[in-house]
Amino acid sequence: MEGTLRFTPRKDKVRKDGKTFLRVSYSLKDQRKILSTDIYVFRFLWDNNTQRVLYCNKRDAKKIAPGIDFDFFPNETDVRLLNKKISDIETIFEGIEADFNRKGYKYSSEDVVNEYRQLISPTTKKEAPNDFVFDFIDKYIKENEPSRAKGSMGVYKSLKKHLQNYQIAKRTKVRFDTMDNSFMRSFQNFLIQWKEVNPKTKRVKTLNNITIAKQLSTVKTFLNYAKAEGIEVSDKYKDFKVKRQKLEVIALTERELMQLINLDLSTNERLDRVRDLFVFSSVTGLRRSDLEQLTHDHISGGDIKITVTKTKELLTVPLNKYSLTILNKYKENKKPLPVISNQRLNEYLKELCKLAEINDSIEIVRFKGAERITTIHPKYELISIHNGRKTFATLSLEKGMNAETVMKLGGWSDYKSFSRYVNITENVKRKAMTSAWGAPEVMKVVGGGE
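These numbers come from a predicted model, not from an experiment. (Residues numbered from 1 in each chain as written. Predicted model: local features only at pLDDT ≥ 70, side-chain atom pairs only at ≥ 80, totals over all residues. Heavy atoms only, no water.)

### A look at helix α2 (residues 76-103)
Helix length check: α2 (28 residues) gives 40 Å between terminal C-alpha atoms against 40 Å at 1.5 Å per residue, within 8%. The backbone nitrogen of Thr77 has a side-chain oxygen 3.0 Å away, supplied by the residue at the start of α2, namely Asn75. After α2 finishes, the residue Gly104 shows a positive phi value of roughly 75 degrees. (Helix = DSSP H or I, 4+ residues; strand = E, 2+ residues; numbered from the N terminus. Expected span 1.5 Å × (residues − 1). Polar contact = N/O pair within 3.5 Å; in protein donor to acceptor, adjacent residues only side chain to side chain.)

Right under this line is the structure:
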């Protein structure tokens, strides 16, 4: 290039998220022109020597910018995209100079800049910045994270990563006004084919249809939000129907729950406490987050009265002989229940259920696109604290409670969401058949001969 191109982050115009946009200056024969770009960066991640954005890992991020959530730092994909934009601008300027030289023009810095503006500026409708969708996802996360349960925004962070990978793979800009039915199908196919290799373990990670359906429904939720915020969004995304696979319901049978309750753990206090937590959930329907927030003040007059962490709704759960026994066991403690971290609790639960010989074989069926993937697991491998809530719903119905009562006790707001947790057991079906048609007097084999 005959001219000189330099990028500089603005110092005086910093957004609330700490980013500022890059300015580009083009100098030729002592004449300099300055333009704005749609590239937003953190000043502390800009390398003035290489004229590129730097990647920063989580450990270093805490040192150089402790006040900024690491989720808002550009990941490696973000950095590649930002630096590609910078490279594209350089390429455009080089191309303009080359074109002028080929035509034999004598040109000034103003001529080059005017040509650049003409090339990048649409003649009709103004387009949103290249990273507008991704910046808007960051905005959504930042605005909603304080009011949502911890970790619930993780699906939006994953969505941003997958959309960025899609943009790179398809060599097409992800824009609100083109995220229509066709885009949704294309994005779905991309997710089905997506794979990532863990650099340490060399294991290949792929997505099954359940995860893909969650990503696609999150796209639709996010587009609804963007539309409500006044963003121009194509209505055609609403035509796309997300197909969800019905999941297996893993709940303990009454026999298995009794095996757990009657298991001798007199020499294992760690697993004894884990059992108490799981049984308490299984006989009250409370989630782990509510077991954790439970205090002695929530327990009064034979009831637990608690505002549910997830739904923010007030819930009243009457005590029964099992839940009261467990509470009495820890009544001298500061907290009514010995809650531990979710990760350790689920790890110890599997150990506990294996010890209790809860080991029936369970078939798990997943789909990746049209491919059916089947695995067989002993039941104890599939048990987590959330299966306590599923056990409560299943056994309460089996014991004769009507669905409406179980829903009110467990805090389910509608039957559609409630039905996902319910396992209608063979025993329930047998009782229902007997109640409707009567019990058989004698069971005998029909046919077959002697």
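### Regarding the pattern of salt bridges
One pass over the structure, following the stated rule, counts 22 salt bridges. Across the pair Glu143 and Lys139 runs a salt bridge, and its minimum N-O distance is 3.0 Å. Separated by four residues within a single helix, Glu143 and Lys139 lie in helix α4 (residues 132-144), roughly one turn from each other. Residue classification places Glu143 among the partly exposed positions, given a relative accessible area of 43%. Ionic pairing is found between Lys379 and Glu256, a salt bridge with its closest N-O pair at 2.7 Å. Here the residue Lys379 occupies a position in the loop between β12 (371-378) and α13 (386-398), and Glu256 occupies one in helix α8 (residues 254-262), the gap between them amounting to 123 residues. Its relative accessible area of 6% is what places Lys379 among the buried residues. A cluster of three or more residues bridged by salt bridges with shared partners is formed by Asp272, Arg275, Asp276 and Lys329. (Salt bridge = Lys/Arg side-chain N within 4 Å of Asp/Glu carboxyl O. Buried < 20%, exposed > 50% of the residue type's maximum accessible area, 1.4 Å probe, protein only.)

### Quick word on the packing of aromatic side chains
In the structure shown here, the tally under the stated rule is 23 aromatic pairs. Seen from their ring centres, Phe132 and Phe136 are 6.0 Å apart, and the 45 degrees between their planes marks the pair as tilted. Taken as a pair, Phe132 and Phe136 lie in helix α4 at a separation of four residues, close to a single helical turn. Take Phe136: its relative accessible area is 7%, and that puts it in the buried class. Ring centres of Phe136 and Tyr225 lie 5.8 Å apart, and the angle between their planes is 50 degrees; this geometry places the pair in the tilted category. Of the two residues, Phe136 sits in helix α4 while Tyr225 sits in helix α7 (residues 209-228), which places them 89 residues apart along the sequence. Following the ring pairs from residue to residue traces out a cluster consisting of Phe132, Phe136, Tyr140, Tyr156, Phe176, Phe222 and Tyr225. For the cation-ring pair, Arg15 lies above Tyr40, with the distance from its terminal atom to the ring centre recorded as 4.1 Å. (Phe/Tyr/Trp six-rings, centres within 6.5 Å; stacked < 30°, edge-to-face > 60°. Lys NZ or Arg CZ within 6 Å of the ring centre and 35° of its normal.)

### So, a positive patch on the surface
Residues Arg148, Lys214, Arg244, Lys310 and Lys416 make up a contiguous surface patch of positive charge. Checked against the element boundaries, Lys214 lands in helix α7. Classification of Lys214 by relative accessible area gives partly exposed; the value is 43%. (Patch = residues over 30% accessible without salt bridge, like charges linked within 9 Å, V, L, I, M, F, W, Y side chains within 5 Å. Areas by Shrake-Rupley, 256 points an atom, 1.4 Å probe, with all protein chains shown as cover. Lys, Arg positive; Asp, Glu negative; His and termini not counted. Charge placed at Lys NZ, Arg CZ, Asp CG, Glu CD.)

### What about the pairing of strand β10 (residues 314-318)?
Alternating positions in β10 separate cleanly, Leu315 and Val317 being buried on one face and Leu314, Thr316 and Pro318 remaining unburied on the opposite face. Pairing of strand β9 (residues 303-307) with β10, which is carried by five bridges, proceeds in the antiparallel orientation. Bridge pairing links Asp303 to Pro318 in β10. Taking the residues that link successive antiparallel strands as the turn, the β9-β10 hairpin has six residues, and the phi of Lys312 there is positive, at about 65 degrees. (Pairing = 2+ DSSP bridges.)

### Here's the deal with the pairing of strand β2 (residues 20-28)
Among the nine residues of β2, seven are classified as buried, and the element is accordingly described as predominantly covered. In this structure, strand β1 (residues 4-14) lies alongside β2, joined through seven bridges in antiparallel fashion. Bridging from a neighbouring strand, Val14 pairs with Thr20 of β2. In sequence, β1 turns back onto β2 through a hairpin of five residues, with Gly18 there showing a positive phi of about 95 degrees. Inspection of the sheet shows β2 paired to strand β3 (residues 31-41) by eight bridges, in the antiparallel sense. The partner of Leu28 across the bridge, within β3, is Gln31. Taking the residues that link successive antiparallel strands as the turn, the β2-β3 hairpin has two residues, and the phi of Lys29 there is positive, at about 50 degrees.

### Some points on the nonpolar core
Leu260, Phe280, Leu286, Leu337 and Leu352 are the most contacted members of the largest nonpolar core, which totals 38 residues. Going through the elements one at a time, α8, α9 (269-284), β9, β10, α11 (321-329), α12 (342-355) and β11 (361-368) are the ones with two or more residues in this core. Of the residues forming this core, the biggest block, seven residues, is contributed by α9. In this view, Leu260 contacts Leu252, Arg275, Phe278, Leu352, Cys353, Ala356 and Ile358; residues no more than four positions away in its chain are not counted. If you look at the next biggest cluster of nonpolar residues, it comprises 34 residues, including Ile212, Leu216, Val219 and Tyr225. (Core = buried A, V, L, I, M, F, W, Y, C linked by side-chain atoms within 4.5 Å. Contact = heavy atoms within 4.5 Å.)

### A word on the sheet that holds β3
Pairing within the open sheet is antiparallel, and its three strands lie in the order β1-β2-β3. Every interior strand has two partners, whereas the edge strands, β1 and β3, have only one. Between one strand axis and the next, the sheet turns by 30 degrees as a mean value, whatever way the strands run. Where helix α3 (residues 109-120) meets the sheet, it contacts β2 and β3, and its direction lies at approximately 30 degrees from that of β3. (Axes fitted to C-alpha atoms, helices over the stretch in contact; angles between N-to-C directions.)

### Points about helix α14 (residues 403-410)
Among the residues of α14, those classed as buried are Val406, Met407, Leu409 and Gly410. Axial view of α14: buried residues confined to an arc of 165 degrees, hence all on one face. Structural note: α14 exposes Glu404 and Lys408 on the side pointing more than 90 degrees away from its buried face. Contacts made by the buried residues of α14 are with α9, β10, α13 and α15 (415-419). Put simply, Asn402 is the residue that caps the front of α14, since its side-chain oxygen is 3.2 Å from the backbone nitrogen of Glu404. Two residues or fewer after α14 comes Gly411, characterised by a positive phi angle close to 80 degrees. (Arc of directions from axis to C-beta.)

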